[in-house]
Amino acid sequence: MKAHPLTIGEIDCTVLQDAEFSKTSEKLAERYPTVSPAEIEAALDGAEALDSINCLLINSGGTRILADVGFGGGWEATKGSLHSALNGIGVGLADIDIVYLTHFHGDHVAGLVVEEGRLEFSNARFMTTAAEWDEWMGRWAASDSPQDRKNLELFSSLQDRFTFVASGDEIAPGVSVVDLAGHTLGHTGLLVKSAGERLLHVVDLLHQAFQLQHLDWPFVFDSDPDLAAETRRRTLQRCADEGILTLFYHLPFPGLGTVARDGAGYAFMPVS
């Protein structure tokens, strides 16, 4: 269980780790289908390929927003720790006012329910984009996968609790939606802005640090790889040009730092 508190102006935030695990170059090559294991090894340059799952809790004027809910229960010891991390900072699941789902991949939404099927976050409103909802409700409806059918049933039952938002919408004072489409068709992040300070949560803009230098390497789960690469370039350029504190969902905990230009690509400078 890890928690990293920070303040953005007058807004309290905490990065909460739900999971951490490492991957071999062979496993990574499966996730980057146009890239060979040898190219992955060269890109790693001896570094361990860690994958963290970094959820963001925002307290804006007493409204608690949780951006994504991780794996949830029923996973091995290295996964599904978000609930423990929340408890560790004195926040119960029923204390969350808004669950903001940046997109519907399993490592972002599975924590909505516990293993026996009981819904978590009983008092929360749910938010996402209409594009994200439409993509996945359509995919799940067309699938014969038992997990997809479960997802379809769950989200159908929650539809009345969802509010659909768009890029630029403010979901709480100082917290607004940022378009990051490409990884999924409705993939979004959040910009936290208060008293001249900013935090940009870019979520799954990339999954490994080597993508900062290999901007066009497509990730196997990208819905639109070309758009994902375009969004990656545009967003990293913004982060570097504006010096914005940036949060990545999958970089080593807490996934916070700044981005700088580095040759044809970028470098990430994590917070100490």
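Provided above is the structure to which this section pertains.
Procedures and definitions
- Residues numbered from 1 in each chain as written.
- Predicted model: local features only at pLDDT ≥ 70, side-chain atom pairs only at ≥ 80, totals over all residues.
- Heavy atoms only, no water.
- 1 Å grid on protein atoms, 1.4 Å probe; cavity = no way out; pocket = protein on both sides within 12 Å on 5 of 7 lines; lining within 4 Å.
- Points joined across faces, edges and corners; volume = space filled by probe spheres on them.
- Helix = DSSP H or I, 4+ residues; strand = E, 2+ residues; numbered from the N terminus.
- Nonpolar A, V, L, I, M, F, W, Y, C, P; charged D, E, K, R; others polar.
- Buried < 20%, exposed > 50% of the residue type's maximum accessible area, 1.4 Å probe, protein only.
- Lys, Arg positive; Asp, Glu negative; His and termini not counted.
- Salt bridge = Lys/Arg side-chain N within 4 Å of Asp/Glu carboxyl O.
- Polar contact = N/O pair within 3.5 Å; in protein donor to acceptor, adjacent residues only side chain to side chain.
- Contact = heavy atoms within 4.5 Å.
- Phe/Tyr/Trp six-rings, centres within 6.5 Å; stacked < 30°, edge-to-face > 60°.
- Lys NZ or Arg CZ within 6 Å of the ring centre and 35° of its normal.
- Pairing = 2+ DSSP bridges.
- Axes fitted to C-alpha atoms, helices over the stretch in contact; angles between N-to-C directions.
- Core = buried A, V, L, I, M, F, W, Y, C linked by side-chain atoms within 4.5 Å.

S.K.: I'm lost on the layout of surface pockets in this one. Help?
M.R.: Taken as a whole, the second largest pocket holds about 190 Å³ of empty space. Breaking the lining of the second largest pocket down by element, the ones donating at least two residues are helix H2 (37–44) and strand S14 (265–270). Residue composition of the lining of the second largest pocket, grouped by class: 11 nonpolar, one polar and one charged.

S.K.: How should the side chain of Asp204 be read in this particular structure?
M.R.: Take Asp204: it is sitting in the loop between strand S11 (197–203) and helix H7 (225–242). We note that Asp204 is buried and unpaired, the nearest opposite charge coming from Arg31 at a distance of 8.2 Å. A distance of 3.2 Å separates polar atoms of two side chains, one belonging to Asp204 and the other to His103. At 3.0 Å, the side chain of Asp204 forms a polar contact with the side chain of His108. Sequence-distant contacts of Asp204, defined by excluding residues within four places in its chain, comprise His103, His108, His183, His187, Tyr249 and His250.

S.K.: Help me out: how do you make sense of empty space enclosed by the protein in this one?
M.R.: Once rolled over the atoms, a probe with the size of a water molecule shows which space is left empty. A complete count under the given rule lists one cavity of 30 Å³ or more for this structure. Put simply, the largest cavity is a space of about 40 Å³. Surrounding the largest cavity, Leu180, His183, His187, Asp204, Leu205, Asp222, Ala228, Thr231 and Arg232 form its lining. A per-class count over the lining of the largest cavity returns three nonpolar, three polar and three charged.

S.K.: Before we go on, may I ask you to explain the pattern of salt bridges in this structure?
M.R.: Two side chains bearing opposite charge may form a pair once their charged atoms approach each other closely. Applying the stated rule across the entire model yields seven salt bridges. The partner of Lys23 in a salt bridge is Asp51, and the shortest N-O contact between them spans 3.2 Å. Note that Lys23 is positioned in the loop between strand S2 (11–22) and helix H1 (25–31) and Asp51 in strand S3 (residues 50–60), a separation of 28 residues in sequence. The buried category is assigned to Asp51, whose relative accessible area is 5%. Arg238 is paired through a salt bridge with Glu242; the nearest N and O atoms lie 3.5 Å apart. One end of the pair, Arg238, and the other, Glu242, are both in helix H7, four residues apart, so they sit about a helical turn from each other.

S.K.: Please clarify how the packing of aromatic side chains should be interpreted in this entry.
M.R.: For any two aromatic rings, the description comes down to two numbers: the centre-to-centre distance and the angle of the planes. Under the criterion given, the structure shown has 17 aromatic pairs. Pairing Phe162 with Phe164 gives two aromatic rings, centres 6.4 Å apart and planes at 25°, and the pair type is stacked. The lysine or arginine in question, Arg139, covers the ring of Trp136, its NZ or CZ lying 4.5 Å from the ring centre.

S.K.: I tried to follow the sheet that holds strand S9 (residues 175–179) on my own but got confused; where do I start?
M.R.: Strand pairing in a sheet takes place through backbone hydrogen bonds and is either antiparallel or parallel in direction. Read from one edge of the open sheet, seven strands run S8-S9-S10-S11-S12-S13-S14, paired in mixed fashion. Two strands in the sheet have a free side with no partner beyond their single neighbour: strand S8 (170–172) and S14. If you compare each strand with its neighbour and ignore which way they point, the axes differ by 35° on average.

S.K.: Help me understand the nonpolar core, please; the structure alone is not making it clear to me.
M.R.: Across soluble globular proteins, you tend to see nonpolar side chains buried next to one another. Counting 34 residues, the largest nonpolar core has Leu66, Leu86, Val99, Phe104, Leu112, Phe121 and Phe155 as its most contacted members. Breaking this core down by element, the ones donating at least two residues are S2, S3, helix H3 (82–88), helix H5 (130–141) and helix H6 (146–158). Beyond its immediate sequence surroundings of up to four residues, Leu112 is in contact with Val69, Val99, Leu101, Arg118, Leu119, Glu120, Phe121, Phe126, Leu154 and Phe155. Counting 22 residues, the second largest nonpolar core, distinct from the first, contains Ile58, Ala67, Ile98 and Met127.

S.K.: What's the story with the sheet that holds S2 in this structure? I'm lost.
M.R.: If you walk across this open sheet you meet the seven strands as S1-S2-S3-S4-S5-S6-S7, and the pairing is mixed. Here the strands that pair on one side only, and so sit at the sheet edges, are strand S1 (3–8) and strand S7 (162–165). Pairwise comparison of adjacent strand axes, ignoring direction, gives a mean angle of 25° for this sheet. In this sheet, S7 lies alongside strand S6 (residues 125–129) in parallel orientation, the contact comprising four bridges. In the strand pairing of S7, Thr128 is matched with Phe164. Sitting on the sheet, H5 touches S6 and S7, and the angle it makes with S6 is about 85°.

Purely spatial values, then, with no claim about function.
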